[in-house]
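Notes for the structure review
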Amino acid sequence: MAAYSTELPIRPDLDEAHAEVASRWSTTGTWWSGVERLAIVEEVRNARDAVEIAPWESPSEIEGLVSGDHVLPDAAVDAIWRITNHPGTLTAEWHASILGRGIHPEAYVEMVGVVAQANAVDRFADALDLDRVELPIPSTSEPDQTGDASLQVTSHWVPTAQIKGPNVLKALSAVPFENETLSILSSAQYVRLGDLLSDLVSKQNSLSRLQVEVIAARTSKLNECFY
Amino acid sequence: MSQDSQVSFEAIDNSESGDGGVEHGALLSRLCEAIFEEDKDQLASVKDKLLDAAGVDVLIDAVAVSANFYMMTRIADSTGTPLDAGTVEPSAEIRELVGVNSFTSRREAQT
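Scoring rules and cut-offs
- Residues numbered from 1 in each chain as written.
- Chains lettered and ligands numbered in written order.
- Predicted model: local features only at pLDDT ≥ 70, side-chain atom pairs only at ≥ 80, totals over all residues.
- Heavy atoms only, no water.
- Helix = DSSP H or I, 4+ residues; strand = E, 2+ residues; numbered from the N terminus.
- Rg over C-alpha atoms; globule rule 2.2 N^0.38 Å.
- Buried < 20%, exposed > 50% of the residue type's maximum accessible area, 1.4 Å probe, protein only.
- Contact = heavy atoms within 4.5 Å.
- Areas by Shrake-Rupley, 256 points an atom, 1.4 Å probe, with all protein chains shown as cover.
- Domains from an automatic or database assignment.
- Core = buried A, V, L, I, M, F, W, Y, C linked by side-chain atoms within 4.5 Å.
- Phe/Tyr/Trp six-rings, centres within 6.5 Å; stacked < 30°, edge-to-face > 60°.
- Lys NZ or Arg CZ within 6 Å of the ring centre and 35° of its normal.
- pLDDT = per-residue confidence, 0-100.
- Salt bridge = Lys/Arg side-chain N within 4 Å of Asp/Glu carboxyl O.
- Buried area = accessible area lost by both parts, 1.4 Å probe.
- Polar contact = N/O pair within 3.5 Å; in protein donor to acceptor, adjacent residues only side chain to side chain.
- Nonpolar A, V, L, I, M, F, W, Y, C, P; charged D, E, K, R; others polar.
- Axes fitted to C-alpha atoms, helices over the stretch in contact; angles between N-to-C directions.
- Parallel < 35°, antiparallel > 145°, perpendicular 65-115°, else oblique.
- Left-handed = near helix turned anticlockwise from the far one by under 90°.
- 1 Å grid on protein atoms, 1.4 Å probe; cavity = no way out; pocket = protein on both sides within 12 Å on 5 of 7 lines; lining within 4 Å.
- Points joined across faces, edges and corners; volume = space filled by probe spheres on them.

Quick notes on the overall build of chain A
Along its length, chain A carries eight helices and zero strands. Along its sequence from the N terminus, chain A presents helices and strands in the succession α-α-α-α-α-α-α-α. Relative to the 2.2 N^0.38 estimate, which gives 17 Å for 227 residues, the radius of gyration of chain A is 18 Å and therefore close to what a compact globule would have. Principal-axis analysis of the C-alpha atoms places the extent of chain A at approximately 45 × 40 × 35 Å. Taken over 227 residues, chain A has a buried fraction of 57%. A sequence separation of at least 24 residues applies to 63% of the contacts in chain A between residues at least 6 apart. Surface accessibility of chain A: about 9600 Å² in total, with carbon and sulfur atoms responsible for 51%.

Looking at the domain arrangement of chain A
Splitting chain A by domain gives domain 1 (12-139 + 147-189) and domain 2 (197-227). When each unit is reduced to the centre of its C-alpha atoms, the spacing between domain 1 of chain A and domain 2 of chain A is 23 Å.

Here we look at the nonpolar core
Of all hydrophobic cores here, the largest spans 94 residues; its most connected members are Tyr4(A), Trp25(A), Trp32(A), Tyr108(A), Met111(A), Phe124(A) and Leu31(B). Residue assignment places this core across two domains, with domain 1 (12-139 + 147-189) and domain 2 (197-227) of chain A each supplying three or more. Setting aside residues no more than four positions away along its own chain, Tyr4(A) makes contact with Ile10(A), Asp15(A), His18(A), Val121(A), Phe124(A), Ala125(A), Leu130(A), Asp131(A) and Val133(A).

Comments concerning the packing of aromatic side chains
For any pair of aromatic rings, the description consists of the separation of the ring centres together with the inter-plane angle of the planes. All names here are of chain A. Tallied over the full model, the rule gives three aromatic pairs over all chains. Measuring from centroid to centroid gives 5.8 Å for Tyr4 and Phe124, while their planes differ by 50°, and the two rings are tilted. Of this pair, Tyr4 sits in the segment before helix H1 (12-25) while Phe124 sits in helix H5 (residues 105-127), and the two are 120 residues apart along the sequence. When sorted by exposure, Tyr4 lands in the same class as Phe124, which is buried. The ring of Phe177 has Arg24 lying over it, and the distance from NZ or CZ to the ring centre is 3.9 Å.

As for the confidence of the model for chain B
Per-residue confidence for chain B averages 84 on the pLDDT scale, and 76% of its residues sit at or above 70. Overall fold confidence for the complex sits at a pTM of 0.92, while the interface term, ipTM, reaches 0.95.

Observations regarding the pattern of salt bridges
All names here are of chain A. Scanning all chains against the criterion turns up 15 salt bridges over all chains. A salt bridge links Asp126 to Arg48; its shortest N-O distance comes to 2.7 Å. Taken as a pair, Asp126 in helix H5 and Arg48 in helix H2 (residues 34-49) lie far apart in primary sequence, 78 residues in all. Of the charged contacts in the structure, one is a salt bridge between Arg209 and Glu213, with a shortest N-O distance of 2.7 Å. Of this pair, Arg209 and Glu213 both sit in helix H8 (residues 209-222), separated by four residues, roughly a single helical turn.

Focus: the interface of chain B and chain A
With 63 residues of chain B at the contact, the number on the chain A side is 65 residues. Summed over both partners, the interface of chain B with chain A buries about 5900 Å², with 68% contributed by carbon and sulfur atoms. In this assembly, chain B and chain A are joined by five salt bridges. Where Glu38(B) meets Arg123(A), a salt bridge forms, and the shortest distance between an N and an O atom there is 3.9 Å. At the junction of chain B and chain A, the tally comes to 24 residue pairs in polar contact (both at pLDDT 80 or more). Mapped by element, the contributors of at least two residues to the side of chain B that touches chain A are helix H1 (10-13), helix H2 (25-37), helix H3 (40-54), helix H4 (56-78) and helix H5 (88-98) of chain B. Ranked by the residues each element gives to the side of chain B that touches chain A, the list is headed by H4(B), at 23 residues. Taken together, the residues that form the side of chain B that touches chain A break down as 30 nonpolar, 19 polar and 14 charged.

Some points on the packing of helix H7 (residues 176-189) of chain A against H4(B)
Packing of H7(A) against H4(B) leaves a shortest axis separation of 9 Å and a crossing angle of 150°. It follows that H7(A) is roughly antiparallel to H4(B) by the angle criterion. Every pair of crossing elements has a handedness; the one defined by H7(A) and H4(B) is left-handed. On H4(B), the residues that touch Leu182(A), Leu185(A), Ser186(A) and Gln189(A) of H7(A) are Ala64(B), Val65(B), Ala67(B), Asn68(B), Met71(B), Met72(B) and Ile75(B).

Considering empty space enclosed by the protein
Within this structure, the stated rule accounts for one cavity of 30 Å³ or more. There is about 50 Å³ of room inside the largest cavity. Along its surface, the largest cavity is lined by Arg11(A), Ala188(A), Gln189(A), Tyr190(A), Gln204(A), Asn205(A), Leu207(A), Val212(A), Asp61(B), Ala64(B) and Val65(B). Taken together, the elements giving at least two residues each to the lining of the largest cavity come down to H7 of chain A together with H4 of chain B. The greatest single-element share of the lining of the largest cavity, amounting to three residues, is contributed by H4(B). For the lining of the largest cavity, the per-class residue count stands at six nonpolar, three polar and two charged.

Put into structure tokens, the structure is as follows:
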């Protein structure tokens, strides 16, 4: 299934990756249902398309900005907007405040995964004047919401599994499904994760690795990301 | 990264400083800025320039890479991801040069 209808010569693997990711958004997660996961994506879109609000303002407290009968809790909506529009302002205290409003630590991780993926997929479409990926019909089963007792909060704010690799690839390890989606997107849009450090010279599609890293670093700096 | 080229961090710092030894470096940097600013006129202009200079495949792949880092930055910054222990020393000079040490998102590696 194609994600985009366009005359632009989008690489088939990239197009297919975006279609697959949209399909994964609509499936039942560990902590959120398919309906809720698609609502997370919709909320990313709402946050991006709205008139910008200050980082310290909560959209759930601004009249008319968020539907009163939203399927997501207010804390999730507020987190989605903040992560989408002001990622460089996030602090450990802010994270604790979101959990303190009732979001389970592992549900937070799953939500972050979906929010981050939606930001990547939609930025791509918007920058190339493409229609955003159409959202599929959600699956109807309920998430089992069973935590993993082996997860621990060690290096990150969030619980992580004891896996090897760069810290950013450990960040979503509490919810392996989201780490798999991260891998699908990064392999199509950046560098295959297996080549991340082992192959620093090969071209990545039409770009040299140096060009890839300039774009990655410039974008990260614009987003005020220290990591 | 490349054994036969000299590169600098100019194109990472901003698009006005030059290519930094990377082919189309300043133009790619300007593309990143236009995507970030979401200014349609600015974005259309830089896309046209990149199309003329490097072609449509480079434009699409460059947009894809930049978009990917709207994911990576949000994952890192919303999970409190710290620097990797092995990168602290090697990246110290780079971090100073590109001016990221004052970011709110600064989290040191845990020892």
